[in-house]
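Report on the structure
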Amino acid sequence: MDTSAAETTGARRQLINVAYRLLGSVTEAEDAVQDAYARWYGLPRSRREAIRSPTAWLTTVTGRICLDLLGSARARRERYVGAWLPEPLPARAEWRQAGGADPAASGDPADQIVLDESVTTAFLVVMESMTPAERVAFVLHDVFRYPFADIAGVLGRSPAACKQLAASARRRVSAAGTPAGTADQADVVRRVKEAWEKKDIAALVRVLDPAAVMTADGGGVVGTVLRPVEGHARIAQYMVAIADKAAGLELLERSVNGTPGLVARRAGAVVTVASFEVVDGSVTRIWVVRNPEKLRPWAREGIAFT
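This write-up is about the structure you can find in this document. If you're wondering where the values come from, they're calculated on a predicted model, not measured in any experiment.

**A short note on the sheet that holds strand β1 (residues 208-217)**
- One open sheet holds the six strands; their spatial order is β2-β1-β6-β5-β4-β3, and the pairing between them is mixed. Looking at strand neighbours, the two that pair on one side only are β2 (229-230) and β3 (249-256), the edges of this open sheet.
- Inspection of the sheet shows β1 paired to β2 by two bridges, in the antiparallel sense. Of the residues in β2, the one forming a bridge with Val213 is Glu230.
- Along the sheet face, helix α12 (residues 232-245) touches β1, β2 and β6 (282-289) and points at about 50° away from the line of β1.

**Points about a negative patch on the surface**
- Together, Asp184, Asp187, Glu194 and Asp280 make up a negatively charged patch on the protein surface.
- The class for Asp280 is exposed, based on a relative accessible area of 78%.

**Examining the pairing of strand β4 (residues 259-266)**
- Within β4, six of the eight residues are buried, which leaves the element mostly enclosed by the surrounding structure.
- Pairing analysis gives eight bridges linking β3 to β4, with the strands arranged antiparallel. Opposite Glu250, over in β4, you have Arg265 as the bridge partner.
- Connecting β3 to the next strand, β4, in antiparallel fashion are two residues, including Asn257 with a positive phi near 55°.
- Pairing analysis gives six bridges linking β4 to strand β5 (residues 269-279), with the strands arranged antiparallel. Looking at the pairing, Arg265 lines up with Val270 of β5.
- The hairpin formed by β4 and β5 contains two residues between the paired strands, and Ala267 there has a positive phi angle of roughly 55°.

**Focus: empty space enclosed by the protein**
- Per the counting criterion, the structure on display carries two cavities of 30 Å³ or more.
- Looking at the second largest cavity, the residues that line it are Tyr20, Pro86, Glu87, Pro88, Thr121, Leu124, Asn257, Val273, Ser275, Trp287 and Val289.
- Of all the secondary-structure elements, those providing two or more residues to the lining of the second largest cavity are α6 (121-127), β5 and β6.
- In terms of residue class, the lining of the second largest cavity is built from seven nonpolar, three polar and one charged.

The rules we used
Residues numbered from 1 in each chain as written. Predicted model: local features only at pLDDT ≥ 70, side-chain atom pairs only at ≥ 80, totals over all residues. Heavy atoms only, no water. Pairing = 2+ DSSP bridges. Helix = DSSP H or I, 4+ residues; strand = E, 2+ residues; numbered from the N terminus. Contact = heavy atoms within 4.5 Å. Axes fitted to C-alpha atoms, helices over the stretch in contact; angles between N-to-C directions. Patch = residues over 30% accessible without salt bridge, like charges linked within 9 Å, V, L, I, M, F, W, Y side chains within 5 Å. Areas by Shrake-Rupley, 256 points an atom, 1.4 Å probe, with all protein chains shown as cover. Salt bridge = Lys/Arg side-chain N within 4 Å of Asp/Glu carboxyl O. Lys, Arg positive; Asp, Glu negative; His and termini not counted. Charge placed at Lys NZ, Arg CZ, Asp CG, Glu CD. Buried < 20%, exposed > 50% of the residue type's maximum accessible area, 1.4 Å probe, protein only. 1 Å grid on protein atoms, 1.4 Å probe; cavity = no way out; pocket = protein on both sides within 12 Å on 5 of 7 lines; lining within 4 Å. Points joined across faces, edges and corners; volume = space filled by probe spheres on them. Nonpolar A, V, L, I, M, F, W, Y, C, P; charged D, E, K, R; others polar.

Quick look at the structure:
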């Protein structure tokens, strides 16, 4: 394989990482990357050989495809049943591959995504408030360190305009006060788990911030609350009511998008994934994904839940 072909093949992981951060969907990210590769291989061979950096070309095309998808996604999400949340991702360390294979070497796009602060649920939710152009400028520049001159080619705007878009996106992140994962988050999540299992409303209230908000995504496929539940007392009551109906449900502590979260499964199948925002030792936000279409990375055979 020549250098150009090797670089093209090796770019896939970076492209998946870019596309997931832009779209918040593993499935849509994979589709966008596949589309970019189709366009690459659709070029005449002489044109491909003239491109000095296939990775840069593929990143630009992937960015443009994601920009178009973000524009159409807003209309689709207006028709979405209930709240829309990004697809949650498991941690590679919690996968047990048959035969001991390295998950990073698999063909599953979810295994290629690097879990860092730019893919936490809190961060992805804030990015949903950005315009498509802001999101592309911010992700490419602030996360992947692409120069504004290159981002200009993706957005079809001047480098100065792209710089302004990234600055605007940065202000949105700052205004949202999105915290990084805290050292005590695992302990706080464990307290939530224990209180939920005991159906202890008082204990849940103690671990939740008074102004806490819980948002659930069932996609109209499975039953869940359609609007955010606000306030620690209401959330605690709701969680206990669910526990009363959840015979045979097993709750497990697992990493969700790189931070401590909870996974619920019934009869061996993952049915719910919850991620948390923790500030000063209290849960301020809970994001619950129940839409089975968004839980495919968790349904894969070999996930280590022991």
